[in-house]
Amino acid sequence: MKRTFVHAALVGSLAFAGMGAAMPALAAPGGAADTAIQKSPEVKKVKADFSDKELKIMAESSGRTVAAQKDHLQAQFTQNNDYYDLVQAGNTYDGAFFNDENKLVLQAPAGSQAAKAAEAAGFEVRDAANGESKLNDIADALAKLAADDTGVVSVAPRIADDAVVVTVTDPKADTAVLDKAAEYGDAVTVQKGERNELHATAKGGDKIGLGGGYCSAGFPATDGEGNHVMVWAGHCIEDQDSFTVEGQDFGSYGETAFKSYDGQPDRDIGYIVLGDGNEVSTEANTYGSDHGITNAEEGAWQAPIGTELCRTGATSGVTCGEVTGYNATVNYSDSQGREVAQVSGLGESTVCTAAGDSGGAYTAGNQAVGMTSGGPAGQDCGFNGGYVDGSSYFQPVPDALDYYNLEYGHK
């Protein structure tokens, strides 16, 4: 029987093993070391195509009218496409982000050809003291020291602030991470934060069964042999042999780069192989609500920092926010304070997620942007709350496709 699945609730019941101490570099398929993504985001042209229902939920929670919300999003996508034209013309920028005025700021050395081209196109240009490349290098160095430090919540470049933000449970602690952070001066900011958890649980909602649990579905893809697969959050796949929809076989284990409690660095990336005739739709599951979310039919996109987007998941329904960064390294811990995993290469957002939303789809402009990894413990996002206070980490879809040499969509 053919089964087509939209982005519904898939929340993993995590099976935990013992944890080691050392965290050497993780080998990507093919043997290449891949502890973090350091390349600049791929720039591509996109359409500002949001459903009326999604515009409504975004407007209601942002305080804008529907018309103003639509104009706000259209301005972002227009600037992104102009940025694409600059890059296609051979210009290189060391980071880009939307500022508080919804203007896309491009980073380049003052007086450079790239800066002149951007200014001529109407962009604001910043000659950053550090820039994206340097911030990524600093973040990677600090993340290595944070590998076995359960007091470190996350290490993340913040391009808009031109600094790396190190979040810890105790900023006054005497640790190697904080000592090293001090050496970088203003390039690193230390802040206090709560521990992160993988947003998985074993209760409630439309689901793909995981032998006792479920996660929120990811996106369709095709492997090199033409098999239909679903690219997904890796922790939803760990230690699972089969996956079901409404009690019927849906797919089988493919690959995952995530292993909990093993003391090794992880990527929250994986995929399952779908059974014959089964497929994953690019449409989103609305859980019976009146709210919609973008159909990610156009492909995968690493959206510029500051881009507004929405996400769907079993526990929280549709929640919205903006991209705040990429290349974050996050330490996930359990309720007993034990480190579950250190995951690198994650995107950050102000989108609220909660236990049960793992794997769920982040979309914008008919593009697949990310899949829910986790976030601060104990967040309460309500249901279909739109722009509610919160934050989360997501696995960028383009990186997941590249990692396993997958092509987006079912071919």
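Cut-off values and rules
- Residues numbered from 1 in each chain as written.
- Predicted model: local features only at pLDDT ≥ 70, side-chain atom pairs only at ≥ 80, totals over all residues.
- Heavy atoms only, no water.
- UniProt positions renumbered as here; feature names shortened; annotations may be inferred.
- Axes fitted to C-alpha atoms, helices over the stretch in contact; angles between N-to-C directions.
- Helix = DSSP H or I, 4+ residues; strand = E, 2+ residues; numbered from the N terminus.
- Parallel < 35°, antiparallel > 145°, perpendicular 65-115°, else oblique.
- Contact = heavy atoms within 4.5 Å.
- Buried < 20%, exposed > 50% of the residue type's maximum accessible area, 1.4 Å probe, protein only.
- Pairing = 2+ DSSP bridges.
- Polar contact = N/O pair within 3.5 Å; in protein donor to acceptor, adjacent residues only side chain to side chain.

An unreviewed UniProt entry annotates the chain as Trypsin-like serine protease originating from Brevibacterium gallinarum. The UniProt entry for the chain carries the following text under Sequence similarities (unreviewed entry): "Belongs to the peptidase S1 family."

Caption draft 1: Looking closely at the packing of helix α1 (residues 52-62) against helix α2 (residues 66-88). Where α1 meets α2, the closest approach of the two axes is 9 Å, and the angle between their N-to-C directions is 105°. The angle between α1 and α2 falls in the class roughly perpendicular. Contacts between α1 and α2 involve L55, K56, M58, A59 and S62 on the former and, on the latter, V66, Q69, K70 and L73.

Caption draft 2: Representation of the pairing of strand β10 (residues 219-222) within the structure. With burial as the criterion, each face of β10 is covered, one bearing F219 and A221 and the other bearing P220 and T222. Across four bridges, the pairing between β10 and strand β11 (residues 228-232) is antiparallel. Paired with T222 across the bridge in β11 is H228. Examined bridge by bridge, β10 and strand β24 (residues 407-408) share two bridges and lie antiparallel to one another. Bridge pairing in β24 places A221 opposite Y408.

Caption draft 3: A look at the side chain of R158. Following the sequence through the fold, R158 ends up in strand β5 (residues 152-158). Among the polar contacts made by the side chain of R158, one reaches the side chain of E348 at a distance of 2.9 Å.

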